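# Results of the structural survey
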Amino acid sequence: MPTALVTGITGQDGSWLADLLVERGYEVHGIVRRASVDNRHRIAHLEGRVHLHWGDLTDADSLVRAVRAAKPDEVYNLAAQSHVAVSFELPVHTADVVALGAARLLEAVRTLCPEARFYQASTSEMFGAAEGPISEDTPFHPRNPYGAAKVYAFHLCRMYREAYGMHVSNGILFNHESERRGEAFVTRKITRAVGRIVAGTQSRLALGNLDARRDWGHAADYVDAMWRMLQRPEGGDYVVATGVSHAVRDFCERAFAAAGLDWREHVDIDPRFQRPMDIPDLVGDASLARETLGWAPTIDFDTLVGRMVAHDIELARKQA
Ligand code: NAP
Ligand code: GDD
């Protein structure tokens, strides 16, 4: 039975990845951090089937203890302060978790189990306002502290691969969403609002930049790409994307329409949700992942929106 260690197991991707690994016969270990509220709801259904260790990417000793206890064959580094707008407010904390956190984990793995295969959650945010479609060859030019910290982690991973011969891969994932998406990200913020409007517990929705375009896929597809990277004989860097972008406005229109509503009757523009600098359009070219990993997305944009809206209408009705 192979063993995997997942940081960020309580997050959107961590929970989908844990489902996939358990289903594929792995012994799954995860690092969880202390919180004053329940931060394990996304993995509650896996209780008793995953081993959880207290830890934090800012605390090197806790990572060493978790790596030593798990003795992993595969390590997935998904933990991050992952909100772009928050990274403008907390640039030092973001760098500590995202950039130095990756360094701490890489060092723990290099010291204790250098044969383990390592996945780093890299991001399309590293490219900034590059003209799409973006591939592995597109130069990085991040436009926020989160993207800059991810660039550091990306280069460090490549460096560990080249300097120490470790099996390290960067998955350069474009936006991926799901029914488990955090509610501060725009897609889930919209579908939660649609659900509550249908249930009669909310009437207005305040958003920022409606013109921004993102390449949105479903997280369940994207964690499969992560796993496929670690099954290759060598580590590598792969863009994972659908190849199609939509504007935030389009997402709104479809989400409200899926509930029989007109988004223009409910949405307000609020400058509080605009960023000091945004990225107008992100669209990826995942040809390398398609050819080398045999990966392709299975859930298209309309299905993604439909699933999220249906889930959030039911949730809002229950809560109402
Ligand atoms: P998420 O839902 O925000 O989950 C982040 C996870 O990191 C949570 O489990 C969180 O724990 C944990 N975490 C945060 N700070 C930590 C710390 N100091 N120490 C230990 N754990 C910490 O993010 P996601 O959408 O699943 O994304 C997973 C990874 O992929 C992230 O690295 C993100 O930057 C990257 N990524 C995401 C996307 C996307 O579109 N989703 C695209 C490209 C890259 P709590 O539950 O306790 O908060
Ligand atoms: N969050 C948010 N809230 N975003 C809004 C809002 C709002 O009210 N209104 C408009 N937007 C716009 C943002 O300005 C951005 O252009 C776009 O919607 C998407 O924002 P998010 O959903 O917050 O995601 P993101 O693209 O900034 O970052 C996500 O994807 C990255 C990959 O490209 C995160 O998951 C990152 O961790 C990930 O790396």
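Look up a bit, the structure's there.
Notes on the structure follow. (Residues numbered from 1 in each chain as written. Chains lettered and ligands numbered in written order. Predicted model: local features only at pLDDT ≥ 70, side-chain atom pairs only at ≥ 80, totals over all residues. Heavy atoms only, no water.)

Turning next to the site of ligand 2. Neighbouring residues of ligand 2: 23 residues in total, closest Thr123, Ser124, Tyr146, Asn175 and Arg275. Contact distances for ligand 2 include 2.7 Å between an oxygen atom and a backbone N or O atom of Ser82. Thr123 has a polar side-chain atom sitting 2.6 Å from an oxygen atom of ligand 2. Here ligand 2, which alone exposes 710 Å², has 95% of that area covered by the protein. Each of two domains, domain 1 (3–176 + 216–240) and domain 2 (182–215 + 246–281 + 301–319), supplies a minimum of three residues to the shell around ligand 2. (Near = heavy atom within 4 Å. Polar contact = N/O pair within 3.5 Å; in protein donor to acceptor, adjacent residues only side chain to side chain. Areas by Shrake-Rupley, 256 points an atom, 1.4 Å probe, with all protein chains shown as cover. Domains from an automatic or database assignment.)

Moving on, we come to the environment of Pro114. Checked against the element boundaries, Pro114 lands in the loop between helix 4 (91–112) and strand 5 (117–123). Each C-alpha atom of the pair Pro114 and Glu136 lies 26 Å from the other, and the pair is 22 residues apart in sequence. Once you skip the residues sitting within four places of it in the chain, Pro114 turns out to touch Val109 and Met166. (Helix = DSSP H or I, 4+ residues; strand = E, 2+ residues; numbered from the N terminus. Contact = heavy atoms within 4.5 Å.)

Looking only at helix 8 (residues 248–258), the buried set comprises Val248, Phe251, Cys252, Ala255 and Phe256. Relative to the axis of helix 8, the buried residues are bounded by an arc of 120° and lie together on one face. Those residues of helix 8 hidden inside the fold are in contact with helix 6 (186–199), strand 8 (205–207), strand 12 (246–247), strand 13 (267–269) and helix 10 (301–319). Positive backbone phi, approximately 75°, marks Gly260, located one or two places after helix 8. (Buried < 20%, exposed > 50% of the residue type's maximum accessible area, 1.4 Å probe, protein only. Arc of directions from axis to C-beta.)

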